[in-house]
Amino acid sequence: MLELMEQGSPNSVLRRKASAAREQWQARAMTPAKALRLSLARAADDLWDLALAATGIALAEETAEAMLESLSDDGLICLLDGPEGAVGAMLIDFPLVAGLIEAQTMGRVSPQVPESRRSTRTDAAMIAPLIDDSLGRFDAMLDEVGVAAWSRGYRFGSMMESVRMLSLALKATDFHVFRFSIDLAAKREGEAVLIMPVPEVVVADVPDAQAGANRLEAQVLSAPAELDAVLFRMTVPLSAVSQLKPGECLPIPRDALADTALESRTHHRVATSRLGQINGMRAVRLNLPNVMPASSPASGPAAAEEAPAQLASDLPGIDLPGLDLPEPEPEMPPMPAPIPEPAEETTDDLLGDLPSLDDLPGLGDLPDLGDFPAMGASDNEEAPELPELGAFPMASLPEID
């Protein structure tokens, strides 16, 4: 009788009502897992009229090493850009990637299992709207209740080729990891992982001038400086780009490996590098530009002339025993002065004084020339006969064999 009275007391009734109200409030309360489930479903429905259900969502805090060991290269790996340089990631199995592509291209998800292949940047570009829309809704839901402040401001960044490349891009040491399953229109299932870094805890101390300078220096030295390795640039018409197909190769000269440029985001060339291999592993050798020290002398023609002499004076003397060097040859005597060219002489100077033509002696009487045939024969007169050739002497000619 006493037990029945205790059960029916006003305090027990109030306790049961409070417990039921608390359970109902907890069911309606927004949590990170519930926000992620609702944001994915609503984003897929609004974008592509696709029924998407995220189930089995589990949230855990893991170290970077343990988290990376559990990931696989099969599927799409997306880098997420967060606030103040924070970097997260999202991984989606390839069957889900293929299903999301089918929902956009064919308007439905095929129940057949797709043929496995590597995800491409085209796949990432087609799924990026779902990631951005769902993360925006995820932020808004959690912001209303003021929980999980570490999940704010993440959006799709770029596609990563592998988990190894993802490990190089992540900066934090600990991460909030969501692991869950996704069902697409009850025809395709797969796993997905959402990764967000755990914010670092900043310990406040007594500020002073030196500590402030040290912190500023540490922040400047630790500031991220992103450089792009530009292997080769080429100009291709838009018509040729639109005709590219998977598997086609673009010609890149081999000497581009020895002149790969490191450029900032504003295309400022910082240095060059050389691509190669060491012990069977890919390697990069940086060719940093030579910087003139501050204490170097002024440059110019005079400095260039003095540089060899200064360099020679700075080198220590070296004794080489046992070397018999020949004596230096004597200097050549000076060349004599050139002979002056004679002055130009005229014809009158060369001929001198010649006698006058009037003073020359007479030629005298010429001797008798004998009887020559007449040379003034007319056309009617016959020319004198020439002698026979046989009459000429042949003694001076050699004999013919």
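Right, let's walk through the structure included here. Predicted model only: the values in this text are computed from it and were never measured.

### Concerning helix H5 (residues 94-105)
Because each turn of an α-helix spans 3.6 residues, side chains separated by three or four positions end up pointing in the same direction.
Reasoning step 1: The first and last C-alpha atoms of H5 sit 16 Å apart over twelve residues, in line with the 16 Å expected at 1.5 Å per residue.
Reasoning step 2: Taken together, the buried positions of H5 are Phe94, Leu96, Val97, Ala98, Gly99, Leu100, Ile101, Glu102 and Ala103.
Reasoning step 3: Contacts made by the buried residues of H5 are with helix H3 (32-48), strand S2 (76-81), strand S3 (87-92), helix H6 (121-145), strand S5 (174-184) and strand S6 (188-197).

### As for the nonpolar core
Reasoning step 1: Leu36, Leu50, Ile127, Phe178, Phe180, Leu184 and Leu194 are the most contacted members of the largest nonpolar core, which totals 43 residues.
Reasoning step 2: Secondary structure elements with two or more residues in this core: H3, strand S1 (52-63), S2, S3, H5, H6, S5 and S6.
Reasoning step 3: Top contributing element to this core by residue count: H6, with eight residues.
Reasoning step 4: Not counting the four nearest positions on each side in its chain, leucine 36 is found in contact with Ile57, Phe138, Phe178, Phe180 and Leu194.

### Overview of the sheet that holds S1
Reasoning step 1: Read across the sheet, six strands follow the order S1-S5-S6-S3-S2-S4 without closing on themselves; strand pairing throughout is antiparallel. In this open sheet, the two strands that pair with only one neighbour each are S1 and strand S4 (155-160). Geometrically, the sheet is characterised by an average inter-axis angle of 20° between neighbouring strands, direction not taken into account.
Reasoning step 2: Bridge count between S3 and S6: four bridges; the pairing is antiparallel.

### Details of the packing of aromatic side chains
Reasoning step 1: All told, the structure shown has two aromatic pairs when counted by the stated rule.
Reasoning step 2: Ring geometry for phenylalanine 138 versus phenylalanine 178: centroids 6.0 Å apart, planes at 90°, classification edge-to-face. Residue phenylalanine 138 is located in helix H6, and its partner phenylalanine 178 is located in strand S5; the two are separated by 40 residues in the primary sequence.
Reasoning step 3: Their ring planes at 35° and their centres at 6.1 Å tell us that tryptophan 150 and phenylalanine 178 sit as a pair that is tilted. With tryptophan 150 in the loop between H6 and S4 and phenylalanine 178 in strand S5, this pair connects stretches of sequence that are 28 residues apart. Summarising the burial analysis for this pair, tryptophan 150 and phenylalanine 178 share the class buried.

Conventions and cut-offs
- Residues numbered from 1 in each chain as written.
- Predicted model: local features only at pLDDT ≥ 70, side-chain atom pairs only at ≥ 80, totals over all residues.
- Heavy atoms only, no water.
- Helix = DSSP H or I, 4+ residues; strand = E, 2+ residues; numbered from the N terminus.
- Expected span 1.5 Å × (residues − 1).
- Buried < 20%, exposed > 50% of the residue type's maximum accessible area, 1.4 Å probe, protein only.
- Contact = heavy atoms within 4.5 Å.
- Core = buried A, V, L, I, M, F, W, Y, C linked by side-chain atoms within 4.5 Å.
- Pairing = 2+ DSSP bridges.
- Axes fitted to C-alpha atoms, helices over the stretch in contact; angles between N-to-C directions.
- Phe/Tyr/Trp six-rings, centres within 6.5 Å; stacked < 30°, edge-to-face > 60°.

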